Amino acid sequence: MAAVPVACTQDRAPAPPTLAESRVRAAWLFLAPLVVLMVLVAGWPLCRTLWFSLTDADLKDLGAARFVGLDNYTGEFGVLRDPDWWRAVGNTLLFAGVSVAIETLLGLVVALVLDADFPGRSVVRAAVLVPWAIPTVVSAKMWAWMLNDQFGVINHVLMTTHLISQPLAWVADPSLALGSVIAVDVWKATPFMALLILAALQMLPTDCYEAARVDGIHPVTVFVRVTLPLIRPALMVAVIFRALDALRVFDLVYVLTSNSRDTMSMSIYARQQLVDFQQVGLGSAAATVLFGTVALCTALAITLGRVRLEGAAG
Amino acid sequence: MAEIRLRNVNKRFGGVQVINDVSLDIADGEFCVFVGPSGCGKSTLLRMVAGLEEITTGELDIGGKRVTRLPPSARGVAMVFQSYALYPHMTVYDNMAFGLQLARTGKPDIDARVRRAADILALGPLLQRLPKELSGGQRQRVAIGRAIVRSPGVFLFDEPLSNLDAALRVQTRIEIAKLHASLRASMIYVTHDQVEAMTLADRIVLLNAGEAMRRDGSIAQVGRPLDLYHRPANLFVAGFIGSPGMNVLPATLAGATPERAELVLRDGTRASARVDATTLPADATVTLGIRPEHVGLAPADGTSALAGRASHVEQLGEASYLYLETPARDGFLTVRQGGDTGVAPGDAVAVTLPEAHCHVFGPDGRAVPRHLTAGPTGRPGSAGVH
Amino acid sequence: MRRVLPRLGLYGLASLIVLYSVFPFYYAIVSSLKTGQQLFDPGLIPPQIQFDNYAAVLGQGVFLLDLFNSVVVAVVVVAVSLGVGVTAAYALGRVRFRGRKLLLLSVLGVSMFPQVAVLSGLFELIRALGLYNSLPGLMLAYLIFTLPFTVWVLTTFMRELPKELEEAAIMDGATPWVIVRRVFLPLLWPALVTTGLLAFIGAWNEFLYALTFTLSPEQRTVPVAIALLSGASQHELPWGPIMAASVVVTVPVVALVLVFQRRIVSGLTAGAVKG
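Under an unreviewed UniProt entry, chain C has the name Carbohydrate ABC transporter permease and belongs to Lichenibacterium ramalinae. Recorded in UniProt under Sequence similarities (unreviewed entry), the annotation for chain C is "Belongs to the binding-protein-dependent transport system permease family." As stated in UniProt under Subcellular location (unreviewed entry), the record for chain C gives "Cell membrane".

In the nomenclature of an unreviewed UniProt entry, chain A corresponds to Sugar ABC transporter permease from the organism Lichenibacterium ramalinae. Of the comments in the UniProt record for chain A, the one headed Subcellular location (unreviewed entry) reads "Cell membrane".

Given below as structure tokens:
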């Protein structure tokens with residue numbers, strides 16, 4: 001340094017970074033671990049899954065996979081020509097549609113109750129959190145016990161009140177199984193829905209309600225004309241979140257009804273191919289179709305539902 | 001040693017011009033106030049000096065050093081924020097010591113500087129408190145203390161009094177003035193309150209907003225407070241400085257000598273002003289401006305006065321404001337009189353417009369040069385209304 | 001009368017909600033305290049309180065080991081997620097740079113996508129790293145859902161911190177790292193507790209990866225242990241011990257949730273409403 005004329009170093013020295021430049025540099029440094037981990041556990045495995053779906057990979061020897069084109073999708077034994085797969089698709093869509101619809105309605109009712117001012121409100125709120133806090137596997141087991149055909153409390157109550165004449169096999173009967181799964185999901189997921197709706201309700205301005213009350217407008221009219229439009233965006237977000245969750249349902253169905261064809265979801269189908277039948281290619285193809293479905297739903301929801309990202313991205 | 005020099009400084013957010021071509025020299029030790037209507041970019045300009053906003057084009061020197069691209073901490077400036085921005089989890093002591101710790105100042109030195117600042121600001125007993133345990137005025141003083149400990153060449157204040165109540169605001173204003181007198185550092189102070197601007201500033205920089213900023217540049221006028229009061233460069237400055245604002249009356253130029261201009265108001269009243277309007281064409285459409293405190297009440301027999309009718313009267317005790325309806329302008333003509341005038345709403349009132357206090361603005365809104373021979377605070381020589 | 005009826009309706013509805021929410025868990029507790037033939041009598045109050053089922057479950061050392069596994073996996077995953085998440089959330093929440101929106105969208109995207117979609121790729125990766133049937137393998141896999149969630153929620157909290165506070169630190173000469181560590185982190189403790197708790201619950205409850213990436217009973221987490229608990233014969237599930245195990249697994253989570261109710265609710269809404 002000493003040998004170089006000062007004026008010269010100043011001329012040649014690159015301009016020091018400005019505040020904004022050094023902040024952007026720091027930002028990328030801060031993001032590096034996240035990006036690396038996300039690529040490692042999400043990006044790379046996703047790409048491999050896509051690749052496996054185009055091969056005849058076998059779980060015992062993934063290295064021996066051979067490229068087979070779209071055979072796993074449209075070939076003779078391809079996913080898209082397997083009636084079991086379409087059955088899983090139907091089950092999943094039915095499950096998602098019905099459970100989310102019921103959860104939305106019930107969630108709205110629970111949220112409205114929680115929004116009302118009465119002593120003991122905090123007890124109700126705490127109680128509502130209980131189903132949400134219970135692990136899915138545990139709630140499935142709890143309900144399986146309650147729904148047990150021989151010793152279950154539900155059959156017992158229905159029998160003693162003469163609502164049914166003989167015990168029902170809630171989980172085993174093909175016509176009842178999916179309904180049972182939906183019932184348990186509704187019990188478990190309604191709190192989530194209710195809490196999101198409640199948060200939206202509590203952010204509403206109170207003055208227009210007071211104005212409506214002074215004007216003597218019927219509460220139901222107020223709800224339909226004022227409340228519902230105002231909480232619509234939050235409601236949409238909650239519905240989308242739940243729907244995406246429902247589309248990938250696995251634990252609940254797996255624990256409650258095992259690999260039964262009557263309730264099999266898309267996730268269960270994919271895992272069964274992959275792990276139980278060791279057909280990684282086929283399972284990956286199923287997983288890829290599920291991924292595509294969910295991605296499409298997300299994209300649709302974000303554009304059609306006008307979910308604003310500005311909250312975090314603006 | 002900490003003079004500040006801005007050369008052709010511009011700021012654009014995306015395509016939107018926020019600051020237009022500011023060139024300004026602030027002397028070492030000077031107290032400079034940026035003032036202007038909301039949206040004029042006064043805070044942005046301050047933040048550009050601080051280094052929190054990038055300068056889109058132009059250069060900035062502080063203390064003879066080019067700092068345009070340097071980060072804030074390398075500029076030798078300290079800033080006091082509107083919300084104080086104290087670190088909520090640190091004690092008063094740590095709030096003031098934080099910057100010094102980051103600069104790797106020695107512990108004894110930090111301690112000495114913090115204690116000296118605490119002495120200056122009477123924060124001694126509060127050093128171990130958390131910000132949430134302080135009153136608004138105390139928080140304000142900690143924010144100033146945080147700036148003082150670093151002994152910067154330049155202090156930057158961003159509307160520091162706007163979160164205080166009226167009484168505390170006056171008190172803190174005086175403290176800041178005393179602080180400036182004792183520290184002799186350069187200070188730039190942003191405010192929207194012209195009383196703060198007039199009382200604190202060595203020089204005021206009044207900034208344009210909107211269309212005027214895009215057309216004429218950001219700076220409307222730079223000058224000592226009384227310069228802006230007595231010699232506003234244009235109608236915008238005239239209207240912004242002074243409260244209540246200057247009365248403006250549409251007029252036609254009837255005659256001009258280097259000494260005096262003769263004007264005819266809209267209702268035919270003749271008036272004169274001690275200005276040199278010879279550069280304006282005859283019959284030019286001009287504006288006559290006069291501050292409420294300079295409008296005189298005509299004697300009872302006032303034959304040649306401007307006629308009006310009191311629409312509304314406000315009594316402040318030490319002064320009264322009369323709001324007159326007059327055919328010479330739309331809206332009210334405001335008149336400030338000492339004490340109680342005895343005028344009641346509905347009374348006919350005639351006023352005089354002393355020529356020594358009349359401003360004249362040309363068709364483009366620019367002021368015509370005034371003669372202030374009697375001195376800015378001198379008594380008006382003679383009634384200007386004939 | 002017109003004022004009393006709606007009140008009664010409200011209380012009726014509220015009681016119904018409480019009953020509906022709590023009854024299954026209550027019934028699980030009751031069942032776990034019954035033994036032998038009592039279990040098959042669906043009474044709502046146990047005739048006598050017996051802890052035989054708990055002794056049976058906890059007596060097998062492997063369930064305690066699984067419980068320990070669950071705790072270790074969840075704690076490590078939460079710690080890593082928070083550590084990586086805090087700095088990432090600062091960058092995403094408070095620095096303007098090109099590609100930020102895209103990055104946020106990918107984070108959101110990953111948190112939405114079905115876990116089964118990466119199952120085969122992840123399986124290969126975990127086996128290649130020699131982590132199959134081990135706790136580190138599960139930890140790695142769990143990052144796929146805890147990390148995006150943590151980053152997303154912390155980003156929304158990060159954005160709520162006052163801008164002038166950061167600028168004051170910049171004027172004081174603080175680098176971004178100092179700002180995160182010494183200015184923001186002390187203010188973010190409540191948010192970290194909330195986010196960490198939610199991520200912990202997510203990891204504690206996870207089932208699909210735990211089922212797929214572990215083999216031996218010693219490496220399982222509790223959800224898998226409960227799901228696979230079986231009795232002497234295939235058709236006769238040991239309901240008493242299952243209920244006891246369920247209660248053991250659930251009580252800590254429910255207790256945590258109830259203690260931190262308000263924080264949990266704010267975390268849930270920060271994660272979702274802002275979406």
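Following the structure, the description resumes.
A. Seen up close, the overall build of chain A. Helices and strands together make up the secondary structure of chain A, namely 14 helices and 0 strands. Against the compact-globule benchmark of 20 Å for 314 residues, chain A has a radius of gyration of 27 Å, which places it well outside the compact range. Principal-axis analysis of the C-alpha atoms places the extent of chain A at approximately 100 × 70 × 30 Å. With 314 residues in all, chain A has 44% of them scored as buried. Across chain A, the fraction of contacts at a sequence separation of at least 24, relative to all contacts at a separation of at least 6, is 67%.

B. Geometry of the UniProt feature "transmembrane region" (unreviewed entry) in chain C. As recorded in UniProt, the feature "transmembrane region" (unreviewed entry) lies at residues 9–29, 67–90, 102–123, 135–154, 183–204 and 239–260 of chain C. When the span residues 239–260 of chain C is considered, its composition is 95% helix and 0% strand, and the gap between its end C-alpha atoms is 31 Å.

C. Highlighting the environment of L19 of chain A. Note that L19 of chain A resides in helix α2 (residues 19–52). Judged by C-beta crowding, with 19 C-beta atoms within 10 Å, L19 of chain A ranks as partly exposed. Filtering out sequence-adjacent residues up to four positions away, L19 of chain A remains in contact with G51, P71 and P72 of chain B together with I170 of chain C.

D. Broad picture of the packing of helix α2 (residues 92–102) of chain B against helix α4 (residues 136–148) of chain B. All names here are of chain B. Across the interface, α2 lies against α4 with an axial gap of 8 Å and an inter-helix angle of 30°. Judged by the angle between their axes, α2 and α4 are roughly parallel. Along this stretch, α2 crosses α4, giving a crossing that reads as right-handed. Along the contact surface, α2 presents V92, N95, M96 and G99, while α4 presents V142, G145 and R146.

E. Looking closely at the interface of chain B and chain A. Contact residues are listed per partner, giving 5 residues for chain B and 6 residues for chain A. Of the residues in the side of chain B that touches chain A, the class split is 2 nonpolar, 1 polar and 2 charged.

F. Structural context of the sheet that holds strand β17 (residues 319–325) of chain B. Residues and elements named next belong to chain B. The strand order β15-β19-β16-β17-β18 describes an open sheet built from 5 strands, whose pairing is antiparallel. Edge strands, defined here as strands with exactly one partner in the open sheet, are β15 (296–297) and β18 (332–338). In this structure, strand β16 (residues 306–315) lies alongside β17, joined through 6 bridges in antiparallel fashion. Across the sheet, R309 pairs through a bridge with E325, a residue of β17.

G. Broad picture of the interface of chain A and chain C. Each partner contributes to the interface: chain A provides 79 residues, whereas chain C provides 78 residues. Here the side of chain A that touches chain C gets 20 residues from one element, more than from any other, and that element is α2 of chain A. Within the side of chain A that touches chain C, the residues separate by chemical class into 63 nonpolar, 9 polar and 7 charged.

H. View of the confidence of the model for chain C. Model confidence for chain C is summarised by a mean pLDDT of 88, while 95% of its residues fall at 70 or above. Of the two predicted TM-score estimates for the complex, the pTM is 0.86 and the ipTM is 0.88.

I. Summary view of the packing of helix α6 (residues 136–146) of chain A against helix α1 (residues 4–32) of chain C. With their axes 10 Å apart at the nearest point, α6 of chain A and α1 of chain C run at an angle of 75° to one another. Comparing the axis directions of α6 of chain A and α1 of chain C gives the class roughly perpendicular. Within the contact between the two elements, α6 of chain A uses M142, W143, W145 and M146 of chain A and α1 of chain C uses P24, F25, Y27, A28 and S31 of chain C. Among the residues forming the contact of α6 of chain A with α1 of chain C, the class breakdown is 8 nonpolar, 1 polar and no charged.

J. How the structure looks around the pairing of strand β7 (residues 154–158) of chain B. Residues and elements named next belong to chain B. Across the 5 residues that make up β7, a large majority, 5, are buried. Residues V154, L156 and D158 line one face of β7 and the alternating positions F155 and F157 line the opposite face, and both faces are buried. As judged from the 4 bridges shared by strand β6 (residues 77–80) and β7, these two strands associate in the parallel manner. Paired with M79 across the strands is L156, a residue of β7. When β7 meets strand β8 (residues 186–191), the two strands line up parallel, connected through 5 bridges. Bridge pairing links D158 to V190 in β8. Handedness of the β-α-β unit built from β7, helix α5 (residues 166–183) and β8 comes out right-handed.

Rules and cut-offs
Residues numbered from 1 in each chain as written. Chains lettered and ligands numbered in written order. Predicted model: local features only at pLDDT ≥ 70, side-chain atom pairs only at ≥ 80, totals over all residues. UniProt positions renumbered as here; feature names shortened; annotations may be inferred. Helix = DSSP H or I, 4+ residues; strand = E, 2+ residues; numbered from the N terminus. Rg over C-alpha atoms; globule rule 2.2 N^0.38 Å. Buried ≥ 20, exposed ≤ 12 C-beta atoms within 10 Å, placed from the backbone. Contact = placed C-beta atoms within 7 Å. Axes fitted to C-alpha atoms, helices over the stretch in contact; angles between N-to-C directions. Parallel < 35°, antiparallel > 145°, perpendicular 65-115°, else oblique. Left-handed = near helix turned anticlockwise from the far one by under 90°. Nonpolar A, V, L, I, M, F, W, Y, C, P; charged D, E, K, R; others polar. Pairing = 2+ DSSP bridges. pLDDT = per-residue confidence, 0-100. Right-handed = clockwise from strand over helix to strand, strands pointing away.

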